[in-house]
Amino acid sequence: MINNKNLSYVFLFIYIIVGIYLSVTNGITSDEYHQQLNWEIHKAAIISLFKNGNYDVLLNYGDRYHGVAFNLISQPFSILFNKFVSNLNGLTTYGGLLVAKHIAIFLTFALSGVFFYFLSYKITNDLFFALISSSLYLLYPYLLGHAQFNEKDIPFLSFWVINTYVSLTIIESLFLEKKISNSKIILLSFLTAFLIGIRIVGILICLQYLLSLIILFNIKNIDIYDFIKKKWKLFLVFTFFLFFFIYILNPIFWHNPLEIINSIKWMSRYFNDICTLTLGSCMRSLNLPSSYYFIWLFFKLPIISIIGICLFPLVEKKIFSEKTRSIYYLTLLFSFFSILFIFILTDVAVYDELRHVLFLVPMIFLIGLINLYYFNRKIFNILGSLVIFFFIIENFSLNPYQYTWLNSFAKFTNIEKNFEIDYWGVSNKNLSKKIIEYSNKNSMTNNICVYGDIYAKEFLTDKNFSCFKRYNQLDAAKIKPLFVYKNMRQVKRSNPKDCKLIWDETYKYSFYNKKISVGTAWFCP
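Remember, predicted model here, so these are calculated numbers, not experimental data.

**Student:** Kindly report on the overall build of the protein, identifying the contributing residues and their values.
**Tutor:** Helix and strand counts for the protein come out as 21 helices and seven strands. Relative to the globule expectation of 24 Å for 525 residues, the C-alpha radius of gyration of the protein, 24 Å, shows essentially globular dimensions. Counting only C-alpha atoms and orienting by the principal axes, one finds that the protein spans roughly 80 × 65 × 50 Å. Looking at the protein as a whole, 57% of its 525 residues qualify as buried. Of the contacts formed within the protein by residues at least 6 apart in sequence, a portion of 75% connects residues at least 24 apart. Here the protein has roughly 22900 Å² of accessible surface; of this, 64% comes from carbon and sulfur atoms. The protein carries 49 positive and 31 negative side-chain charges, and their two centres are separated by 3 Å.

Shown next as structure tokens:
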């Protein structure tokens, strides 16, 4: 008979194999070129610093404050697997380099699922709950879709989950008055610095640590002065190594550590003033209403989690009846709302639905599941198991567009007119395939220009296409014939004139009778 532990291993093994395959056969997103450029600039700057004593190439770079810590993990995967990925997808060498990083992104997310499992077990002391909740987390189409290619937000989310678990086990040791080793404190320092090295907003996890301590002081009735007197060495070790690792992992700080202040200012008001279609309204990133976050959370969180959140008044006594559980639960709850309100009150520039606060989603997601579990264990087990099967069906239906997933409340609206569709353009792979098929079928020469985003060239160059232009250059096009494809935010623009539609790339939600169009390919004779 297979027990819960063995079942977990089997599930994780199958999940990793399938997930890696989906990741390396996905499209190339608009962010991946930029992230790779950030890494190349940083690498060139470091080499220049050691060779010539300066790194002006970084100091003069516009996006010098973008963290590149995760590239320390992803770049070895690019080097090792780029040739295999290029051959598998018919990509250029550079395209293979970009897509090979998807393996590192997905594996990092899978690792976060293990720590999500640990967190779930710590709070409930129920292995079956931990298995169901972590399976829901890993199969949640919205997160699984991002985990196939999102090089910035998924690693950040993953390390936030890992840091949360490690920090809370330290807090638990303080509560139980167990000895805490310096090595564990140094590990937390490194993980915290690494999180900040991915995105400077990672500094907010220090607020989460502070909230955990405040909760600990209140639950255990600790005198703060007595606590500091006894534990000051731990704080000193943590602080010293935190600043040391932050300095090492952020090359822009090497010439002046105070650049951390500029980094926070720059990234909180990032210059991209992008319109995100939100419940039918264009909400601009530099002037967001506070309702933006709550609208997207309402339509992005699984309904099982939303139900659980609403049950909080009915289960709070059960949850807070055990002190250790209370520390874990309250840390997740207070951190979620505190950080969300910081984003709202400081008017942080956010776009592309929830991607910049994606790291908050696991917290509120787990809170909802815990509430439902303590409301009624049997109901949770039944609904959780059903939702797992539903998520599997949704992932197959939407692939590779799971990252655009919306819950069933959205199915009562016209999704295409109310929400962003494929804003990262992963449809470029399938649209490129259709252009190649049409060209071959009609024995056309491949010196025809292709108008669209610039990312499809990685799929077309090896097929002897050599002319690539942006969609907004189409009106000025004088030489025909040409190919056009509309995706990303161009999909909502008018169709090209006097052109023949050769493919409409669509997907369909389960229990939704309309196909969603994410992009179209055209031939203009």
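**Student:** Go over the side chain of Arg199, please, and point to the residues and values.
**Tutor:** Position of Arg199 relative to the elements: it lies in the loop between helix H9 (182-198) and helix H10 (205-220). Here the side chain of Arg199 touches His356 through a polar contact of 3.0 Å, landing on its backbone oxygen.

**Student:** Let's hear about the state of the cysteines: which residues, and what values?
**Tutor:** This structure, assessed with the given rule, holds three disulfides. What pairs with Cys449 in a disulfide is Cys467, and their sulfur atoms sit 1.7 Å apart. Between Cys449 and Cys467, the S-S torsion sits near 75°, and that sign places the bridge as right-handed. Separated by 18 residues along the polypeptide, Cys449 in strand S3 (residues 449-452) and Cys467 in the loop between helix H21 (457-460) and strand S4 (468-470) bring together distant segments of the chain. Of the residues examined, Cys467 reaches a relative accessible area of 17% and is grouped as buried. A disulfide bridge connects Cys499 with Cys524, and the sulfur atoms are separated by 1.9 Å.

**Student:** An account of the environment of Phe389 is requested, with residue identities and associated values reported.
**Tutor:** Turning to its location among the elements, Phe389 is positioned in helix H18 (residues 377-398). Assessed through its relative accessible area of 56%, Phe389 is described here as exposed.

**Student:** Would you mind going over the sheet that holds S3 in detail, with residue names and values included?
**Tutor:** Reading across from one edge, S4-S3-S5-S7-S6 is the order of the five strands in this open sheet, with mixed pairing throughout. Edge positions in the sheet fall to S4 and strand S6 (500-507), since each has one partner strand and no second. Each strand of the sheet is rotated relative to its neighbour by a mean of 20°, with strand direction disregarded. Bridging between S3 and strand S5 (residues 482-486) involves three bridges; their strand directions are parallel. Each bridged residue has a counterpart across the sheet, and for Tyr451 the counterpart in S5 is Val484.

**Student:** How would you summarise the pattern of salt bridges if you had to cite specific residues and measurements?
**Tutor:** Across all of its chains, the model carries twelve salt bridges by this definition. Linking Glu172 and Lys122 is a salt bridge whose minimum nitrogen-to-oxygen distance equals 3.0 Å. Of the two residues, Glu172 is situated in helix H8 (residues 153-175) and Lys122 in helix H5 (residues 93-124); the sequence distance between them amounts to 50 residues. For Lys122, a relative accessible area of 32% gives the class partly exposed. Here Lys220 ties to Glu177 by a salt bridge, and the two come within 3.4 Å at their closest N and O atoms. Taken together, the residues span a long stretch of sequence, with Lys220 in helix H10 and Glu177 in the loop between H8 and H9 at a distance of 43 residues.

**Student:** Summarise unusual backbone geometry; cite the residues concerned and give the values.
**Tutor:** Cis rather than trans, the peptide bond between Asn399 and Pro400 has omega equal to 5°. Considering the arrangement of structural elements, one finds Pro400 in the loop between H18 and helix H19 (415-418). Residue Lys480 is joined to Pro481 through a cis peptide bond whose omega torsion reads 5°. Structurally, the position occupied by Pro481 is in the loop between S4 and S5. Backbone geometry places Asp347, a non-glycine residue, at a positive phi of 55°.

**Student:** So what about a nonpolar patch on the surface? Which residues, and what values?
**Tutor:** Taken together, the side chains of Leu314, Phe375, Ile379, Ile382, Leu383 and Leu386 make up a nonpolar region of the molecular surface, amounting to roughly 560 Å² of accessible area. No other element matches H18, which puts four residues into the nonpolar patch.

What counts, and where the lines are drawn
- Residues numbered from 1 in each chain as written.
- Predicted model: local features only at pLDDT ≥ 70, side-chain atom pairs only at ≥ 80, totals over all residues.
- Heavy atoms only, no water.
- Helix = DSSP H or I, 4+ residues; strand = E, 2+ residues; numbered from the N terminus.
- Rg over C-alpha atoms; globule rule 2.2 N^0.38 Å.
- Buried < 20%, exposed > 50% of the residue type's maximum accessible area, 1.4 Å probe, protein only.
- Contact = heavy atoms within 4.5 Å.
- Areas by Shrake-Rupley, 256 points an atom, 1.4 Å probe, with all protein chains shown as cover.
- Lys, Arg positive; Asp, Glu negative; His and termini not counted.
- Charge placed at Lys NZ, Arg CZ, Asp CG, Glu CD.
- Polar contact = N/O pair within 3.5 Å; in protein donor to acceptor, adjacent residues only side chain to side chain.
- Disulfide = S-S within 2.5 Å.
- Pairing = 2+ DSSP bridges.
- Axes fitted to C-alpha atoms, helices over the stretch in contact; angles between N-to-C directions.
- Salt bridge = Lys/Arg side-chain N within 4 Å of Asp/Glu carboxyl O.
- Patch = residues over 30% accessible without salt bridge, like charges linked within 9 Å, V, L, I, M, F, W, Y side chains within 5 Å.

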